[in-house]
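Geometric and topological summary
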Amino acid sequence: MIKITLPDSSVKEFPDPVTSLEIAQSISPRLAKEVLSATVDGETWDLTRKITKDATVKLNTWDDREGKETFWHSSAHLMAEAIEFFYPGTKFGIGPTVDTGFYYDIDLPDGQQIAEKDLQEIEKKMLELARQKNDIVRKEISKGNAMEMFTQKNDELKQELISELEDGTITLYNQGNFTDLCRGPHLPNTGYIKAIKLTFIAGAYWRGNENNKMLTRIYGVTFPKQKMLEEYLIMLEEAKKRDHRKIGKEMELFTFSEAVGQGLPLWLPKGAQLRMQLEDFLKKVQKMYGYDQVITPHIGDVKLYKTSGHYEKYGKDSFQPITTPAEGEEYLLKPMNCPHHCEIYKAKPHSYKDLPLRMAEFGTVYRYEQSGELHGLTRVRGFTQDDAHIFCRPDQLKDEFKKVIDIIFIIFKALSFDDYTAQISLRDPENPAKYIGSAENWDKAEKAIIEACEEKGLNTTTEKGEAAFYGPKLDFMIKDALGRSWQLGTIQVDYNLPERFNLEYIGADDNRHRPVMIHRAPFGSMERFVAVLIEHTAGKFPLWLAPEQAVVLPISEKYNEYAQKVSNILNNSDIRTVVDDRNEKIGRKIRDNELKRIPYLLIVGEKEKDEETVSVRRQGEGDIGLQQIGEFARFVADEVKGQLSGLYN
RNA sequence: GCCGGAGUAGCUCAGGGGUAGAGCGCAUCCUUGGUAAGGAUGAGGUCACGAGUUCAAUUCUCGUCUUCGGCUCCA
């Protein structure tokens, strides 16, 4: 008998050997049906693998990440089996799982290609193979045998993978006519897979290296129930409807022009209105937190970026310097604001009493992004950071860091981003060449971030190797209304730039000291943030942000004049109002303006004109009754205040 | 930058070797209306750009640009 410890710490005895599937069966038949894999002493195992000693066992279902991974990993094999059926001789690279689903990188034989339209055939074959409920069988194999097998198959991709594995740890998995090199784990048989969608096809470099061969990557997602696939497809549809590029065009927020250049957004009046609203909001919050606004030019001497280290790091892959005609001086389009702000710091000597100094700027920066990278407003070549740099004494660092976290919380609250996570990005200790500055300063900076997060009670994950080259950082990721994650705000601790720019302050001891810098951008970039906001709200912005807050709809042309009067009064009360005086019936005007996502529709006709009122209709809700014009103005002002109440003075 | 799609009216898209279409939008007129699409008429296109093949190219070929899905990258 062996003892199995379950997650609730209960211990059960089983005959030796036992499989996780048998353990599940002993608990409940239903669990046995749902369980997909098991975590045995911290390692994910096949359900059918024999446990021969005392162990801790966690049973993974669809609701566990490990369960889904097992499911999708087996699905990748199923896809490979189907592909091998249609394209014999295909070489298989790697077939891992991703957040939603899986992919397999394949090398098709002699110049054959798979097109989107071929995916359906493969899906069909996969379903057919799944229905056969073929057992998926694990087999341990020696390195030599593995090598021989894939040499015979002429699959040099797998040979390369095997050559890097240690003998004794190599396993194969077989199902039907298909055998793959794989660490596992896998489902007991292919019959678990009930619903399949191959989503797209793309090129991908072998092992992610652009010097390697380009393979064909096929992405797919599978589910244990048909209904789950349907829900997933509905979600995809919804995401498509919310695409900020589509809504941005519809709502006339921004545009791009080939004539201006790719990746260079043009903000249209309504988009500019929205963006300025966000900027004004953040300015007010920053004022409350003791920030000073500064303004710096869009270009800077190349030497400035040589000093900062950015030129060495990114110069080659950037927009190249602008050279002045007569003197041949070299200027760079500003790729970031920090060097300029460092120079502002240096404009005069500082006492320890001056610190912290908080310098904020909505600074537009230009970065060369590879053409294939550009994407709507989320990835552009010219964008505006809601940047600020805090210069402080080392003893102030942690407090300042915590205050920045507070500002980020205020923003999340104002915009109802309720679901967020935070990631601490540290340096990669294996790869010190990627970073500038001393190990000692890095240690200090990393410690400050970790402690500040702990003291704020922030739930964080930690990633090594994700730090910026000059310092570690804390990034905030929000989940939008569809559950998709977006990286927004960032806070970075930096001991290095102050050193490179030789920044100093005079301490109480009358000696020169080095300040510490915090780089921070709660929105990240205005472009990206607006894009996320559009997708999160589907363009139905909160009242305080809506580019047009109210539209007046005269019942007939006879009331156009009164409508204009209402609009003027409201605009004078800072309520952004327009008039729809088209020659259309009221039903039509209501429909069109609802679709334009304007929060309030004000209908005016004979009655309203006589009584100096408006008939108020709230977007998505319908008629909410008559109000005096002034009353409506206060009503809107109160609602805006309510949305931002307590967030700033 | 790399692999693979796409580019036709302001928008969404159909078409196809012989001088170009729909719906929506826009304009004008009729209608003057009460809470999600009233009617008529009309304007609007170098079919992304440049070469080539052809009697003839928007259509076929090549190149360029832009865009979309990925890959790589992201201070």
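These numbers were taken from a predicted model, which means no experiment stands behind them.

1. As for the overall build of chain A
Secondary structure summary: chain A contains 20 helices and 35 strands in total. Taking the principal axes of its C-alpha atoms as reference, chain A extends roughly 85 × 75 × 60 Å. Taking all 649 residues of chain A together, the buried fraction comes to 51%. The long-range fraction of contacts in chain A, counting pairs at least 24 apart against all pairs at least 6 apart in sequence, stands at 68%. With the model as given, the accessible surface of chain A reaches about 31600 Å², and the carbon-plus-sulfur share is 48%.

2. What about the UniProt feature "domain: Aminoacyl-transfer RNA synthetases class-II family profile" (unreviewed entry) in chain A?
Using the residue numbers shown here, the UniProt feature "domain: Aminoacyl-transfer RNA synthetases class-II family profile" (unreviewed entry) corresponds to residues 243–542. This span, residues 243–542, is 33% helix and 25% strand, and a straight line between its end C-alpha atoms measures 18 Å.

3. What to know about the sheet that holds strand 12 (residues 171–175)
Here three strands make up an open sheet; going across it, the order is 11-12-13 and the pairing antiparallel. Unpaired on one side and paired on the other, strand 11 (137–140) and strand 13 (178–181) mark the two borders of the sheet. In this sheet, neighbouring strand axes are inclined to one another by 25 degrees on average, regardless of whether the strands run parallel or antiparallel. With four bridges connecting them, strand 12 and strand 13 associate as antiparallel partners. Residue pairing for strand 13: Tyr173 is matched across the bridge by Asp180.

4. Regarding the packing of helix 5 (residues 143–152) against helix 6 (residues 156–163)
Contact geometry of helix 5 with helix 6 gives a least axis separation of 8 Å together with a crossing angle of 165 degrees. Comparing the axis directions of helix 5 and helix 6 gives the class roughly antiparallel. Every pair of crossing elements has a handedness; the one defined by helix 5 and helix 6 is left-handed. For the pair helix 5 and helix 6, contact is made by Lys143, Ala146, Met147, Phe150 and Thr151 and by Lys158, Gln159, Ile162 and Ser163, respectively. Here the contact of helix 5 with helix 6 is built from residues that sort into four nonpolar, three polar and two charged.

5. Points about the UniProt feature "coiled-coil region" (unreviewed entry) in chain A
In this numbering, the UniProt entry assigns the feature "coiled-coil region" (unreviewed entry) to residues 112–167. Secondary structure across residues 112–167 divides into 55% helix and 7% strand, with the first and last C-alpha atoms of the span separated by 34 Å.

Criteria and thresholds
Residues numbered from 1 in each chain as written. Chains lettered and ligands numbered in written order. Predicted model: local features only at pLDDT ≥ 70, side-chain atom pairs only at ≥ 80, totals over all residues. Heavy atoms only, no water. Helix = DSSP H or I, 4+ residues; strand = E, 2+ residues; numbered from the N terminus. Buried < 20%, exposed > 50% of the residue type's maximum accessible area, 1.4 Å probe, protein only. Contact = heavy atoms within 4.5 Å. Areas by Shrake-Rupley, 256 points an atom, 1.4 Å probe, with all protein chains shown as cover. UniProt positions renumbered as here; feature names shortened; annotations may be inferred. Pairing = 2+ DSSP bridges. Axes fitted to C-alpha atoms, helices over the stretch in contact; angles between N-to-C directions. Parallel < 35°, antiparallel > 145°, perpendicular 65-115°, else oblique. Left-handed = near helix turned anticlockwise from the far one by under 90°. Nonpolar A, V, L, I, M, F, W, Y, C, P; charged D, E, K, R; others polar.

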